[in-house]
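# An overview of the molecular structure
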Number of protein chains: 2
Amino acid sequence: MTPPLGFRFAATYAGIRKTAQDDLALMVSERPAAAAAVFTSNLVKAAPLTVSASYLAQSKGVARAIVANAGNANCATPNGVRVARATARAAAAALGVREREVLLASTGVIGVPLDERRIVDALPKLVAALAPEGFDAAARAILTTDTIPKTASAEVRLQGGTVRIAGMAKGAGMIHPLMATMLSFLFTDADLRPAELKPMLAAAVERSFNRISVDGDTSTNDTVYLIANGASGVRPLSKERARVEEALLQVAEQLAVAIVRDGEGARKLLTIAVEGASSDRAAATLARAIANSPLVKTALAGADPNWGRILSAAGNSGVAFDPAKVDLDWNGVRVCRRGTAADFSEDEVKRSLEERESVLRFAIRGKGKGRARFWTCDLTEEYIRINASYRT
Amino acid sequence: MTPPLGFRFAATYAGIRKTAQDDLALMVSERPAAAAAVFTSNLVKAAPLTVSASYLAQSKGVARAIVANAGNANCATPNGVRVARATARAAAAALGVREREVLLASTGVIGVPLDERRIVDALPKLVAALAPEGFDAAARAILTTDTIPKTASAEVRLQGGTVRIAGMAKGAGMIHPLMATMLSFLFTDADLRPAELKPMLAAAVERSFNRISVDGDTSTNDTVYLIANGASGVRPLSKERARVEEALLQVAEQLAVAIVRDGEGARKLLTIAVEGASSDRAAATLARAIANSPLVKTALAGADPNWGRILSAAGNSGVAFDPAKVDLDWNGVRVCRRGTAADFSEDEVKRSLEERESVLRFAIRGKGKGRARFWTCDLTEEYIRINASYRT
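Because the structure is a prediction, the values reported are computed rather than measured. (Residues numbered from 1 in each chain as written. Chains lettered and ligands numbered in written order. Predicted model: local features only at pLDDT ≥ 70, side-chain atom pairs only at ≥ 80, totals over all residues. Heavy atoms only, no water.)

### With respect to the pairing of strand β3 (residues 62-72) of chain A
Residue and element names in this part refer to chain A. Taking burial as the measure, the eleven residues of β3 include nine buried ones, the bulk of the element. In this sheet, β3 lies alongside strand β2 (residues 24-39) in antiparallel orientation, the contact comprising seven bridges. Bridge pairing in β3 places Ala33 opposite Ala63. (Buried < 20%, exposed > 50% of the residue type's maximum accessible area, 1.4 Å probe, protein only. Helix = DSSP H or I, 4+ residues; strand = E, 2+ residues; numbered from the N terminus. Pairing = 2+ DSSP bridges.)

Encoded structure:
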């Protein structure tokens, strides 16, 4: 994949994780860039997050680089902040930029001290290897229990020329709306100011990374960065802004769905489409409750068109609705009409639920205009096997 | 087990569930009794619950009988309320009591119409079989995916004589604090008024059935009834009330813990003890977040003393606390001190986590007096197997 102009990437194995697989990535903008971040909603925030948040405040949203590692979350250890700062300082020195222009992200085991020397020692090699082509290697270096790297890109032709957006993400477990153990780094060569970037990123995250669930756990390390370096020389006109935002959402949504598709132990992707709620927010809350229900997720695993569990999960969402006005469709087949069983072929729906991708439509009759899409996966025995042994 | 005086029980197979195992229970007080109920917090409430709630309002908390069935939840069907009322009417006629004195409970599949004739036809046989000794048979008839019946009892010697409390419960999956797919029927021969019963039951449920989690799902049919018929002739004095309440809590807690112990696929029971929170309510919220985390539950399955996941789960609870003040003990061994790793033998803790029962202590240093206990189980591959095939 060709990344946006003016960005370079590199990855290496720094010995942070046990297996000899790249675990450290450096991502650099050739020029000072506007930057925005969304961090975990967990009260317990890992050191790289708190340190990066303070850097972004100091720099007023300007960044030059991201240093990301897998294999250790740098969370809940006595020296986490010191290690994070030392990492940023070393990267800044190696790149000739300011400490506060270096953003950090970590994923992996919690509570085990991260040895900063492994990162510091690896930096010269990383800096020497920086290249636009390093994008895919960086995307692989941030993976943990993921089985495939996750990247996405988009181009938008504007009056002044073309701008590019590209992103990478990691995440397979501990994935929950409201941010999960996931990292995503989004890059664009569009010319955008820090103050413009922040709401753009928040809006895109709300409709992508906050609309996915693997296991309903939210991690201490979730981080999304958006970096805009203006290397295209194109500054979107006001009237063009919506198209750039749409492209950003598209990239973020592709990455978010890729995370669910690669959910720990998951064999199936479920798209939940809620409509007819009193607001988009109510629709998202209903969808989230359905997506997080272990009983819905195991029914999907078993290809069981069990709409009672869906109605029950929605009833636990805290959103008020009339169950007698609910229609449910599994893969286009009406299974529940006005809250009670519709006349349908159970075998037909069961067969469709054995496919890799399913769509559940939850529609409330009436005047409500609220709608939301949400993505989740099936809950399988493999999820248990992975999490009963993997140490996060 | 000897039930409290003045109660009789019977069970039979009425053909509601597919396997020929008792699925219908009748429980009768020989005299009009005070009754209180706690129903599911799910917005979607099954017909037996809404009908019983209206009966209790009409009768001002007086009841004579409970009719409970397994195999069909009588929920989300077009004729649910009609079937529930017909059941109560038939039982009232067979027993010579009023319709509004018959309480109902159902558990099983959602969305499939319940055929009331199966119940009506079985009633004469049930009424003929009523006996104090039928208690255990009734406790077995209400089970679904449970592997063992759950009963508990207590006696309290008061100035006026002895009063007895006995209860039964069912539930193994879809179990969540705030009421779950669980039924529990509690009986006492103490002489108590309806107005006294209600707060007693609410307090006991809050510290027992609302403090357990198997899978974090809350069902449409959760019901707890408490029936007090005064057959002992003993009316507790005001100063004795606390001892009766304590005995009721003890019975409810035993039943609640029995549900977790029998959790679908569960091999291990975990008691979570939170202390040092700002209030008991905050302590319960923290404990609930830990108990519901799939990552904590799979770590328990794998005997992994993974305290990072616990801290992370607590951080998602919405309760404010300082992670740097948290101490965690697994089975008496300090694994985390002031939010970071303590010096402990991982092998020793791992071995202790392989036992059937474990205790997790989550203590916040400082002046907080809030504490709570909470029970959960491990999440195993067997849970997935059960729920990917069983139709609830």
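That was the structure; now back to the text.
### A look at helix α8 (residues 294-301) of chain A
All names here are of chain A. The buried count for α8 comes to eight of eight residues, which makes it a mostly enclosed element. The set of residues buried in α8 consists of Pro294, Leu295, Val296, Lys297, Thr298, Ala299, Leu300 and Ala301. Note on α8: the residue one or two positions beyond its end, Ala303, has a positive phi of about 55°.

### Remarks on the pattern of salt bridges
One pass over the structure, following the stated rule, counts 36 salt bridges over all chains. The partner of Asp378 of chain A in a salt bridge is Arg267 of chain A, and the shortest N-O contact between them spans 3.9 Å. One end of the pair, Asp378 of chain A, is in the loop between β15 (370-377) and α11 (381-387); the other, Arg267 of chain A, is in the loop between α6 (241-261) and β10 (269-277), with 111 residues separating them in the sequence. Taking the shortest distance from any N to any O, the salt bridge between Arg8 of chain B and Glu30 of chain B comes out at 3.8 Å. (Salt bridge = Lys/Arg side-chain N within 4 Å of Asp/Glu carboxyl O.)

### So, the side chain of Asp146 of chain B
Residues and elements named next belong to chain B. Looking at the secondary structure, you find Asp146 in the loop between α4 (135-141) and β5 (150-158). By relative accessible area, Asp146 is classed as buried at 9%. Looking at Asp146, its side chain comes within polar contact range of the side chain of Lys150, at 2.7 Å. Within the structure, the side chain of Asp146 is placed 2.7 Å from the backbone nitrogen of Gly171, a separation counted as a polar contact. (Polar contact = N/O pair within 3.5 Å; in protein donor to acceptor, adjacent residues only side chain to side chain.)

### Some thoughts on the confidence of the model for chain A
All names here are of chain A. Averaged over every residue, the pLDDT of chain A is 91; the share at 70 or more is 95%. Counting interchain partners and residues more than four positions distant, the pLDDT-below-50 stretch residues 175-180 has 45 contacts. Interface predicted TM-score (ipTM) for the complex: 0.77; the corresponding pTM is 0.83. (pLDDT = per-residue confidence, 0-100. Contact = heavy atoms within 4.5 Å.)

### With respect to the packing of helix α1 (residues 47-59) of chain B against helix α2 (residues 80-95) of chain B
All names here are of chain B. Contact geometry of α1 with α2 gives a least axis separation of 8 Å together with a crossing angle of 55°. The angle between α1 and α2 places the two elements in the oblique class. In terms of crossing hand, the pair formed by α1 and α2 is right-handed. Residues Ala47, Pro48, Thr50, Val51 and Tyr55 of α1 touch α2, and the partners they reach there are Gly80, Val81, Ala84, Arg85 and Ala88. (Axes fitted to C-alpha atoms, helices over the stretch in contact; angles between N-to-C directions. Parallel < 35°, antiparallel > 145°, perpendicular 65-115°, else oblique. Left-handed = near helix turned anticlockwise from the far one by under 90°.)

### Things to note about the nonpolar core
Formed by 69 residues in total, the largest nonpolar core has its most connected members in Phe362 of chain A together with Met27, Met168, Phe185 and Phe187 of chain B. Considering every element that reaches this core, the biggest residue donor is helix α7 (residues 280-292) of chain A, with seven residues. When near neighbours in sequence (up to four residues on either side) are disregarded, Phe187 of chain B contacts Pro4, Phe7, Phe9, Met27, Ile66, Phe135, Arg164, Ile165, Ala166, Met168 and Ile227 of chain B. Membership of the second largest hydrophobic core comes to 67 residues, among which are Cys75 of chain A together with Ala277, Ala303 and Ala372 of chain B. (Core = buried A, V, L, I, M, F, W, Y, C linked by side-chain atoms within 4.5 Å.)

### Description of the interface of chain A and chain B
With 50 residues of chain A in contact, the opposing surface of chain B contributes 50 residues. Roughly 4000 Å² of surface becomes buried between chain A and chain B when both sides are summed, with 55% attributable to carbon and sulfur atoms. Taken together, chain A and chain B are joined by zero salt bridges. On inspection of chain A and its partner chain B, the count reaches six residue pairs in polar contact (both at pLDDT 80 or more). Looking at the side of chain A that touches chain B, the elements with two or more residues in it are α8, α9 (307-315), β13 (340-341) and α11 of chain A. Of the residues forming the side of chain A that touches chain B, the biggest block, six residues, is contributed by α9 of chain A. Here the side of chain A that touches chain B is built from residues that sort into 23 nonpolar, 19 polar and eight charged. (Buried area = accessible area lost by both parts, 1.4 Å probe. Nonpolar A, V, L, I, M, F, W, Y, C, P; charged D, E, K, R; others polar.)

### Quick look at the packing of aromatic side chains
Tallied over the full model, the rule gives 14 aromatic pairs over all chains. Pairing Phe9 of chain B with Phe135 of chain B gives two aromatic rings, centres 5.0 Å apart and planes at 85°, and the pair type is edge-to-face. Of this pair, Phe9 of chain B sits in strand β1 (residues 7-12) while Phe135 of chain B sits in helix α4, and the two are 126 residues apart along the sequence. Assessed through its relative accessible area of 0%, Phe135 of chain B is described here as buried. Taken together, Phe7, Phe9, Phe135 and Phe187 of chain A form an aromatic cluster joined through their ring pairs. (Phe/Tyr/Trp six-rings, centres within 6.5 Å; stacked < 30°, edge-to-face > 60°.)

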